[in-house]
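# Examining the three-dimensional arrangement
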Amino acid sequence: NHHMLDEVDRSLHDALCAVKRALESASVVPGGGCVESALSIYLENFATTLGSREQLAIAEFAEALLVIPKQLAVNAARDATDIVAKLRANHNAAQTDSAKAELRRYGLDCVSGKIQNNLTAGIIEPALSKVKMIQFATEAAITVLRIDDMIKLAPEEQGQPGM
């Protein structure tokens, strides 16, 4: 039927666009939450070196990055807490122990549900798309924070009961 053909057409178009982006980017990164997990660990470690309020903001940003691997695990019908814990352990080991550097390419394979070297498995994403995604998400968060600063609630009048 036409609905099925439209879906096939859309899926093929999406796949071809992903290949196009990868070729235009000229570099790829492992997928499956690998980049987000590694960046989260790096930022958490960096945040501990700061002694100001910035430490809290950076730590929260690092935590927010883990939404991607969590959602991938949920979409793959896996235990998100277990998957994210394993990813974090692998990336922490890769960043602190040079003998375990190969773990820096580990991410979730949504089909098998395993944590594996996604670069060798061919689970990749264009590096440019990943950079843009992180930039846009950061800009969106900053915009929300700026708007939040502008919103002022009128103080309750004295003697008036609240609703």
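In case you missed it, the structure is sitting above this.
Presented here is an overview of the structure given in this document. All figures in this text were calculated on a predicted structure; none of them were measured in a lab. (Residues numbered from 1 in each chain as written. Predicted model: local features only at pLDDT ≥ 70, side-chain atom pairs only at ≥ 80, totals over all residues. Heavy atoms only, no water.)

With that settled, consider the pairing of strand β3 (residues 114–117). Across four bridges, strand β2 (residues 106–109) lies against β3 in antiparallel orientation. By the bridge assignment for β3, L108 is matched with I115. The antiparallel hairpin formed by β2 and β3 contains four residues in its connecting segment, where G113 sits at a positive phi of about 80°. (Pairing = 2+ DSSP bridges. Helix = DSSP H or I, 4+ residues; strand = E, 2+ residues; numbered from the N terminus.)

A few words now on the side chain of E36. Along the chain, the position of E36 falls in helix α2 (residues 34–47). Residue class for E36 comes out buried when judged on its relative accessible area of 1%. With sequence-adjacent residues up to four places away left out, E36 is seen in contact with L65, I68, P69, K130 and M133. (Buried < 20%, exposed > 50% of the residue type's maximum accessible area, 1.4 Å probe, protein only. Contact = heavy atoms within 4.5 Å.)

A few words on the pattern of salt bridges. Summed over the entire model, instances satisfying the criterion amount to eight salt bridges. Residue R10 pairs with D14 through a salt bridge whose shortest N-O separation is 3.2 Å. Placement of both R10 and D14 in helix α1 (residues 2–25) is noted, with a separation of four residues, approximately one turn of the helix. In this structure, K130 engages E36 in a salt bridge whose closest nitrogen and oxygen atoms are separated by 2.5 Å. Taken together, the residues span a long stretch of sequence, with K130 in helix α7 (residues 127–150) and E36 in helix α2 at a distance of 94 residues. For K130, a relative accessible area of 7% corresponds to the buried category. (Salt bridge = Lys/Arg side-chain N within 4 Å of Asp/Glu carboxyl O.)

In the contact formed by helix α3 (residues 54–65) and helix α4 (residues 67–75), the axes pass within 5 Å of each other and the chain directions differ by 20°. With respect to their mutual orientation, α3 and α4 come out roughly parallel. Here E63, A64 and L65 of α3 lie close against α4, whose contacting residues are V67, I68, P69 and K70. Its residues assigned to classes, the contact of α3 with α4 comprises five nonpolar, no polar and two charged. (Axes fitted to C-alpha atoms, helices over the stretch in contact; angles between N-to-C directions. Parallel < 35°, antiparallel > 145°, perpendicular 65-115°, else oblique. Nonpolar A, V, L, I, M, F, W, Y, C, P; charged D, E, K, R; others polar.)

A separate point is α1. In this model α1 runs 34 Å from its N-terminal to its C-terminal C-alpha over 24 residues, within 8% of the 34 Å that 1.5 Å per residue would give. Where α1 begins, the side chain of N1 points an oxygen toward the backbone nitrogen of H3, at a separation of 3.3 Å. Residue A26 follows α1 closely and has a positive phi angle near 70°. (Expected span 1.5 Å × (residues − 1). Polar contact = N/O pair within 3.5 Å; in protein donor to acceptor, adjacent residues only side chain to side chain.)

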